[in-house]
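# Descriptive analysis of the structure
What follows is each chain in one-letter form.
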Amino acid sequence: MTAILLLLHLLGATIWTGGHLILAITILPRVLRGRDVAALHWFEEGYEKLGMPALVVQIITGLWLAWQKMPSLALWFSAEGGPVAQLIQAKLVLLGLTALVAAHARFRVIPRLSPATLPLMGWHILAVTVLSVLFVVVGLSFRVRWGF
Ligand code: HEM
């Protein structure tokens, strides 16, 4: 079961983080240069169909994996939980920040998207992309001790 959960979690991560890296590194600069609102809408509409289910899969499998590692909600949020609890907390903070930035983009920025507001949208995309990479770094930290 853990293997299947991890497989789904990693597949979701490739879609969520990979999709945002492609958006931020290859599509966003072209959109900003050409002030091309339609191109951004075109990518978002296509990506949303895969990206949103991927995020839902991340949340379900992530919570499940976290429960397998530490089957006590009280420990997740206490100082006695040690490094595993700290990493679970970090994942939940990243999730909260992602939800805030995404909701702000979805309800405040996208409805008024125009060539003038494209740079603001760009900052939102960059923020969600950085958060998505941090999800992977924190995820790997359950196994890897960073030897810097
Ligand atoms: C878009 C969101 C997320 C991404 C991109 C992501 C990515 C990753 C990655 C790459 C790993 C490493 C897996 C490995 O070492 O084999 C991981 C592990 C993990 N993630 Fe996530 N994750 C996300 C959301 C979450 C959420 C919301 C939780 C809930 C607390 C969570 C909990 C975990 C746990 C517990 C592990 C350790 C699994 C293990 O080593 O057994 N993740 N994640």
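Going by the structure above, here's the rest.
Note that the structure is predicted; figures quoted are calculated from it, not measured.

Below, the discussion takes up the packing of helix 1 (residues 2–34) against helix 2 (residues 37–69). Packed helices, taken two at a time, are described by the angle their axes make and the gap between the axes. Across the interface, helix 1 lies against helix 2 with an axial gap of 8 Å and an inter-helix angle of 150°. Classified by the interaxial angle, the pair formed by helix 1 and helix 2 is roughly antiparallel. In the crossing of helix 1 with helix 2, the sense of the turn from one axis to the other is left-handed. Split into classes, the residues belonging to the contact of helix 1 with helix 2 amount to 20 nonpolar, 10 polar and one charged.

Quick look at the side chain of histidine 20 now. Along the polypeptide, histidine 20 turns up in helix 1. Taking relative accessible area as the criterion, histidine 20 reaches 8% and is therefore assigned buried. Within the local environment of histidine 20, its side chain forms a polar contact with the backbone oxygen of tryptophan 16, the two atoms lying 2.8 Å apart. Setting aside anything within four residues of it in sequence, one finds histidine 20 in contact with Tyr47, Val128, Thr129 and Ser132.

What follows concerns the packing of aromatic side chains. Evaluated as defined, the whole model comprises three aromatic pairs. Measuring from centroid to centroid gives 5.7 Å for phenylalanine 43 and tyrosine 47, while their planes differ by 10°, and the two rings are stacked. Here phenylalanine 43 pairs with tyrosine 47, and both are found in helix 2, just four residues apart, close to one helical turn. For the pair formed by phenylalanine 43 and tyrosine 47, the shared burial category is buried. Joined through ring pairs, the aromatic side chains of Trp67, Trp76 and Phe77 make up one cluster.

Only His9 (NE2) and Lys91 (NZ) from the protein reach the iron atom of the ligand as donors, at distances of 2.0 Å. For the iron atom of the ligand, the six donor atoms are set out with angles of 77 to 178° between them, so the coordination reads as octahedral. Of this pair, histidine 9 sits in helix 1 while lysine 91 sits in helix 4 (residues 82–109), and the two are 82 residues apart along the sequence. Taken individually, histidine 9 and lysine 91 each receive the classification buried, so the pair is uniform in this respect.

Analysis parameters
- Residues numbered from 1 in each chain as written.
- Predicted model: local features only at pLDDT ≥ 70, side-chain atom pairs only at ≥ 80, totals over all residues.
- Heavy atoms only, no water.
- Axes fitted to C-alpha atoms, helices over the stretch in contact; angles between N-to-C directions.
- Helix = DSSP H or I, 4+ residues; strand = E, 2+ residues; numbered from the N terminus.
- Parallel < 35°, antiparallel > 145°, perpendicular 65-115°, else oblique.
- Left-handed = near helix turned anticlockwise from the far one by under 90°.
- Nonpolar A, V, L, I, M, F, W, Y, C, P; charged D, E, K, R; others polar.
- Buried < 20%, exposed > 50% of the residue type's maximum accessible area, 1.4 Å probe, protein only.
- Polar contact = N/O pair within 3.5 Å; in protein donor to acceptor, adjacent residues only side chain to side chain.
- Contact = heavy atoms within 4.5 Å.
- Phe/Tyr/Trp six-rings, centres within 6.5 Å; stacked < 30°, edge-to-face > 60°.
- Donors = N, O, S within 2.8 Å, 3.2 Å for Na, K, Ca; no water.
- Tetrahedral: all angles 85-135°; square planar, octahedral: opposite > 155°, others 65-115°.

Read these as geometric descriptors, not functional statements.
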